[in-house]
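Structural characterization, general
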Amino acid sequence: QVQLQESGGGLVQAGGSLRLSCAASRIVFSITSMGWYRQAPGNAREWIASITRSGVTTYADSVKGRFTISRDNSKNTAYLQMDSLKPEDTARYYCSAVSRKTYWGQGTQVSVSS
């Protein structure tokens, strides 16, 4: 059974930083890409970043250069370094991993206080 385990969420003051981790386990086929999404109450789920197996990264405009996605293929783990956090970044953050299908993590809450 595939599992994505996230960690690193929490409460931080505006201007602070958080680093999210997402470890994929028990996936039979190679992961081709991993990514991060977020969703705040009343809003649609928003894609924010993705990274291919070769390390090519893509970011949503809303990230504005503040977030950095990285990946350790040997660990099947993706990271999201979030700097200069703003209250509008408050949301539940979800990790995804693409293999023969897309798998999702349970989500981790990020709350940014003003």
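Located above this text is the structure these notes cover.
First things first, this report covers the structure right here in the doc.

Thresholds applied
- Residues numbered from 1 in each chain as written.
- Predicted model: local features only at pLDDT ≥ 70, side-chain atom pairs only at ≥ 80, totals over all residues.
- Heavy atoms only, no water.
- Helix = DSSP H or I, 4+ residues; strand = E, 2+ residues; numbered from the N terminus.
- Rg over C-alpha atoms; globule rule 2.2 N^0.38 Å.
- Buried < 20%, exposed > 50% of the residue type's maximum accessible area, 1.4 Å probe, protein only.
- Contact = heavy atoms within 4.5 Å.
- Areas by Shrake-Rupley, 256 points an atom, 1.4 Å probe, with all protein chains shown as cover.
- Lys, Arg positive; Asp, Glu negative; His and termini not counted.
- Charge placed at Lys NZ, Arg CZ, Asp CG, Glu CD.
- Pairing = 2+ DSSP bridges.
- Axes fitted to C-alpha atoms, helices over the stretch in contact; angles between N-to-C directions.
- Polar contact = N/O pair within 3.5 Å; in protein donor to acceptor, adjacent residues only side chain to side chain.
- Salt bridge = Lys/Arg side-chain N within 4 Å of Asp/Glu carboxyl O.

Broken down by element type, the protein chain carries zero helices and eleven strands. What you see for the protein chain is a C-alpha radius of gyration of 13 Å, in line with the 13 Å of a compact globule of 114 residues. A principal-axis box enclosing the C-alpha atoms of the protein chain has dimensions of 45 × 25 × 25 Å. Residues classed as buried in the protein chain amount to 39% of the 114 residues present. Relative to all contacts within the protein chain whose residues are 6 or more apart in sequence, the contacts with residues 24 or more apart total 51%. In the form shown here, the protein chain has an accessible surface area of approximately 6200 Å², with 46% of it arising from carbon and sulfur atoms. Charge-centre separation for the protein chain: the mean point of 13 positive side chains lies 9 Å from the mean point of 7 negative side chains.

The next point concerns the sheet that holds strand β7 (residues 67-72). Reading across the sheet, the four strands line up as β1-β3-β8-β7 and stay open at both edges, with antiparallel pairing between neighbours. Because the sheet does not close on itself, it has two edges, and the strands there are β1 (3-7) and β7. Between one strand axis and the next, the sheet turns through 15° on average, direction left out of account. Pairing of strand β3 (residues 18-25) with strand β8 (residues 77-82), which is carried by six bridges, proceeds in the antiparallel orientation.

Turning to the side chain of T77, a few remarks are in order. Positionally, T77 belongs in strand β8. Classification of T77 as buried rests on a relative accessible area of 7%. Only 2.9 Å separates the side chain of T77 from the backbone oxygen of K75, close enough to count as a polar contact. With near-sequence residues (within four places) excluded, T77 lies in contact with C22, A23, M34, S70, R71 and D72.

Right, let's get into the pairing of strand β11 (residues 108-113). Only one face of β11 is buried, namely the one carrying T108, V110 and V112, since none of Q109, S111 and S113 on the opposite face is buried. Note: strand β2 (residues 10-13) against β11, four bridges, orientation parallel. Each residue of the ladder has a partner; that of V12, found in β11, is V112. Pairing of strand β9 (residues 91-98) with β11, which is carried by three bridges, proceeds in the antiparallel orientation. The residue of β11 that forms the bridge with A91 is V110.

The subject of this paragraph is the environment of Q106. Along the chain, Q106 turns up in the loop between β10 (102-104) and β11. Placed 101 residues apart in sequence, Q106 and Q5 show a C-alpha to C-alpha distance of 7.4 Å. The contacts of Q106, once residues within four sequence positions are left out, are L4, Q5, E6, R92 and Y94.

Applying the stated rule across the entire model yields three salt bridges. Two residues, R38 and D89, come together in a salt bridge whose shortest N-O distance is 2.9 Å. You can see R38 sitting in strand β4 (residues 33-39) and its partner D89 sitting in the loop between β8 and β9, a full 51 residues away along the chain. You'll find R38 and D89 in the same group, each marked buried. A salt bridge links R66 to D89, with the shortest nitrogen-to-oxygen separation between them at 2.7 Å. Taken together, the positions of R66 in the loop between β6 (57-59) and β7 and D89 in the loop between β8 and β9 put the pair 23 residues apart, joining distant regions of the chain. Using a relative accessible area of 10% as the deciding quantity, one classes R66 as buried. Overlapping salt bridges, with partners in common, bring together R38, E46, R66 and D89 in one network.

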